[in-house]
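# Fold and geometry: a report
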Amino acid sequence: MVLTSCVRTCPYIPRFKRCSSYQNFSDVWRNSFRRRNGTLADGNAKTAVTGDYQRRINKLRNTQSLRKFYPRLERAPGIQRKSPRDIRADYSSLGKDEANADVVVTVDGRIRSFRSAGSKLIFYDICNGESSIQGLCNLRIIQNRNAGEQEHVKVEWREFTQTSRKGDWISITGYPSRTAAGELSITATAIPRITAASLHQVPDELIDSERRSRSPHVDLIVNRQPRDTLRMRHHVEKFMRDFLEAHDLIHVRTPMLSTGVGGANAHPFLTTATEFPENELSLRIAPELFLKRLLVGGIEGVYEMGQAFRNEGIDTTHNPEFTICEFYKPFATLEDLIKMTENMFIGLAEHTAALKRDQLQSLKPLDVDFSAPFKRLEFIPSIESAIGRPLPDISAPDAQQALLQLFQSLDLKPPASPSLPRLLDALSSTYLEPQCTYPTFITHHPEALSPLSKSFIDPQTHQRVAARVELFIQGREYVNAYEEENSPFEQRRKFVEQVQYQKLDGVAEEGEGGVMVDESYLEALEWGLPPTGGWGCGVDRLCMLFSGASRISDVLSFGTLRNVVALQQPWRR
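The shown structure was predicted, so the numbers you read here are calculated from the model rather than taken from an experiment.

For the protein, the helix and strand inventory stands at 19 helices and 20 strands. Within the protein, buried positions represent 48% of all 573 residues. Within the protein, contacts between residues separated by at least 24 positions form 67% of all contacts whose residues are at least 6 apart in sequence. Of the roughly 28,200 Å² of accessible surface on the protein, a fraction of 50% belongs to carbon and sulfur atoms.

Written out as structure tokens, the structure reads:
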């Protein structure tokens, strides 16, 4: 009971150590709690962190009011605020032992490390983002710049040097200089100020996966790779936006909440709105049907990069909340979409390789050959070649039973709820996707797999197939594109067929998840959707590819939904 009480009321180890019963705990319990808090060196940290929260508070409070360590920024007349990056760009020409004492600037950053050369000379390495600069704090120079305030300067110097530490944000005002050792610096002309004190010691190393996921802010402070990964994500998304806008596509926003579910086969998140309590709303699983309505209205070409939500599982490549990019370009054929995809991925490969070489050096190079043209596999002929026999007529009424017999003869376990689309998808996963190590397009999917794409009779196989293409790299799907079905009559037929398939999949009610007969979308098609090429890509997975991340959580600022839920729960340390 004593242990439970202390842990519940004292979530931080320093507070826990203040409990009167602390000394009664065995070393095993004490060390266990320290390890969970990252405060005991156990292979997760090079240096033991002592958990000195309360001592830190007391030291700050004894020096001056705690409020003083979180001041508002002051704009001194005639003094510019510059980042470490700006200083390096503007004063890179300074030679050794040279200074520009006529220029006074203010630089802000977090203390990454510091070293002293006696009691009157301290060097601070401060960083802001990935750029850093040295702060040269010499008491003699500061006193010379503040003649007549010698004693006051000494008091401030003592307070600053005794309270500042690694992890604090500080502000240094001084002039640019370069030391005899060649280090570009800001030589302080006034006592630096703490602008945001860190109340916890920053560990030298953080490896423990639980601590990293529960404290992403600490992970970002300590480790460079997660910072570089998020920066890479920014550059990937920016490249995609620039690429699409160069192809005359405009960026739009479509609703996140609607009364229908359409555009993909997935289970939605359901909710209600105060304004419409009688209507069940769903978070969108894809923006597709909204985007195509804009083309019906005459917009010349659109794209959207935003969030989508699917109430499904979490693994290394899936998260219920994810980022999707879709574009729709009137009069674009499947070959046009393939060419755009090749150009985009080749450009991304070159751009991200340069970033890794010049800026994001903690990320590994990508060992994938993106030379065009990418390899192509036709769905039906490639499977038939792999299994050594023809597939049955997939459009026949008995196609499902024929495929089940094929699975039995191939000694393959059929998927759960083996509808026709699931059986075909299982064949692709078994025989096609493993062939897609390097960028590979899978084309000519059976019509049953693509209810929103146009379809035709393939002259080679005489099967009804979709005008669709998927891009796979290293066995993972990255792009799904097709020529959009624009006939309201054909689209209705395909919707009805998909609803029947879903009943076999175990979807109890039309619209509970996946494709539904969307009457409002069919009505929009009656106004005329021009022949259109549509393209979709999971942005998170794309960022994984070009950053070298092995888990989707690595390219999300706060990890998967599992991490987010854990982050917002109290951690009993």
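Strand order in the open sheet formed by 8 strands is β8-β12-β13-β20-β19-β18-β15-β14, and the pairing between neighbours is mixed. Two strands close off the open sheet at either side, each with one partner strand: β8 (250–251) and β14 (375–378). Strand direction decides the pairing type here: β14 and strand β15 (residues 440–443), joined by 4 bridges, are parallel. Following the sheet pairing, Glu378 is matched in β15 by Thr443. In this fold helix α10 (residues 224–246) packs onto β8, β12 (302–309), β13 (321–330) and β20 (532–538), with an angle of close to 145 degrees to the strand it touches most, β12.

This brings us to the confidence of the model for the protein. Across the protein, the average pLDDT comes to 88, with 88% of residues at or above 70. Taken together, the stretch residues 1–49 has pLDDT below 50 and engages in 68 contacts with residues farther than four places along the chain or on a different chain. Counting contacts from residues 508–513, a segment whose pLDDT is below 50, to residues more than four positions away or on other chains yields 14 contacts.

Attention now goes to the packing of helix α13 (residues 379–387) against helix α15 (residues 420–431). Where α13 meets α15, the closest approach of the two axes is 10 Å, and the angle between their N-to-C directions is 60 degrees. Classified by the interaxial angle, the pair formed by α13 and α15 is oblique. Once α13 is placed against α15, the crossing between them reads as left-handed. For the pair formed by α13 and α15, the contact residues are Phe379, Ile383, Ala386 and Ile387 on the first element and Leu424, Leu427, Ser428 and Tyr431 on the second. Split by residue class, the contact of α13 with α15 holds 7 nonpolar, 1 polar and no charged.

Residue Pro373 follows Ala372 across a cis peptide bond; omega there is 0 degrees. When you line up the elements, Pro373 lands in the loop between α12 (334–358) and β14. Although it is not a glycine, Asp97 sits at a positive phi angle of roughly 60 degrees. Tracing the backbone shows Asp97 in the loop between α5 (84–90) and β2 (105–116). With a phi angle near 55 degrees, Gln474 is a residue other than glycine that sits in the positive phi range.

What follows is about the packing of aromatic side chains. One pass over the full model with this rule turns up 9 aromatic pairs. Plain terms: the ring middles of Phe114 and Tyr124 are 5.7 Å apart, the flat faces sit at 35 degrees to each other, and that makes the pair tilted. Taken together, the positions of Phe114 in strand β2 and Tyr124 in strand β3 (residues 121–128) put the pair 10 residues apart, joining distant regions of the chain. Classification of Phe114 by relative accessible area gives partly exposed; the value is 42%.

The next point concerns the nonpolar core. Core analysis: the largest hydrophobic core is formed by 45 residues, its most contacted members being Met240, Phe345, Phe370, Trp535, Leu542 and Phe546. Secondary-structure elements contributing two or more residues to this core are α10, β12, β13, α12, β18 (468–473), β19 (476–483), β20 and α18 (539–547). A per-element tally of this core places α12 first, with 9 residues. Other than its neighbours up to four places away in sequence, Leu542 contacts Val236, Met240, Phe345, Leu348, Tyr478 and Cys537. Ranked by size, the runner-up nonpolar core spans 29 residues in total, among them Ile87, Ile133, Ile172 and Leu184.

Turning next to the side chain of Lys292. Topologically, Lys292 is positioned in helix α11 (residues 288–296). Here Lys292 falls in the buried class, since its relative accessible area comes to 1%. Residues in contact with Lys292, not counting those within four places in the same chain, are Tyr328, Leu452, Glu484, Tyr521 and Leu529.

A few words on the side chain of Thr179. Tracing the backbone through its elements, the reader meets Thr179 in the loop between β5 (169–178) and β6 (184–188). A relative accessible area of 14% means that Thr179 is categorised as buried. With residues near it in sequence (within four places) discarded, Thr179 still touches Lys96, Asp97, Gln134, Leu136 and Ser185.

Burial analysis of α18 places 9 of its 9 residues in the buried class, the great majority of the element. Those residues of α18 that sit buried are Val539, Asp540, Arg541, Leu542, Cys543, Met544, Leu545, Phe546 and Ser547. Looking at the residues trailing α18, positive phi occurs at Gly548, about 80 degrees.

Under the criterion given, the structure shown has 33 salt bridges. Notably, a salt bridge pairs Arg231 with Glu130, separated by 3.2 Å at the nearest N-O pair. Of this pair, Arg231 sits in helix α10 while Glu130 sits in the loop between β3 and β4 (131–138); the two residues are 101 residues apart in sequence, bridging distant segments of the chain. Classification of Arg231 by relative accessible area gives partly exposed; the value is 29%. With a closest N to O distance of 3.9 Å, Arg464 and Glu447 form a salt bridge. With Arg464 in strand β17 (residues 464–466) and Glu447 in the loop between β15 and β16 (455–457), this residue pair connects regions lying 17 residues apart in the sequence. Under the relative-accessibility criterion, Arg464 is labelled partly exposed at 28%. Where salt bridges share partners, they join Glu130, Arg224, Arg227, Asp228 and Arg231 into one cluster.

Here the focus is the pairing of strand β10 (residues 270–273). The sheet contact formed by β10 and strand β11 (residues 276–283) spans 3 bridges and is antiparallel. Across the sheet, Ala273 pairs through a bridge with Phe276, a residue of β11. From the end of β10 to the start of β11, which pair antiparallel, there are 2 residues.

Now for the environment of Arg81. Among the structural elements, Arg81 can be located in strand β1 (residues 80–82). The spatial distance from the C-alpha of Arg81 to the C-alpha of Val105 is 5.8 Å, given a sequence separation of 24 residues. Other than its neighbours up to four places away in sequence, Arg81 contacts Leu73, Glu74, Arg75, Thr106, Asp108 and Ser171. Of the polar contacts made by the side chain of Arg81, one reaches the backbone oxygen of Glu74; its length is 3.0 Å. Among the polar contacts listed, one links the side chain of Arg81 to the side chain of Ser171, at a separation of 3.2 Å.

What counts as what
Residues numbered from 1 in each chain as written. Predicted model: local features only at pLDDT ≥ 70, side-chain atom pairs only at ≥ 80, totals over all residues. Heavy atoms only, no water. Helix = DSSP H or I, 4+ residues; strand = E, 2+ residues; numbered from the N terminus. Buried < 20%, exposed > 50% of the residue type's maximum accessible area, 1.4 Å probe, protein only. Contact = heavy atoms within 4.5 Å. Areas by Shrake-Rupley, 256 points an atom, 1.4 Å probe, with all protein chains shown as cover. Pairing = 2+ DSSP bridges. Axes fitted to C-alpha atoms, helices over the stretch in contact; angles between N-to-C directions. pLDDT = per-residue confidence, 0-100. Parallel < 35°, antiparallel > 145°, perpendicular 65-115°, else oblique. Left-handed = near helix turned anticlockwise from the far one by under 90°. Nonpolar A, V, L, I, M, F, W, Y, C, P; charged D, E, K, R; others polar. Phe/Tyr/Trp six-rings, centres within 6.5 Å; stacked < 30°, edge-to-face > 60°. Core = buried A, V, L, I, M, F, W, Y, C linked by side-chain atoms within 4.5 Å. Salt bridge = Lys/Arg side-chain N within 4 Å of Asp/Glu carboxyl O. Polar contact = N/O pair within 3.5 Å; in protein donor to acceptor, adjacent residues only side chain to side chain.

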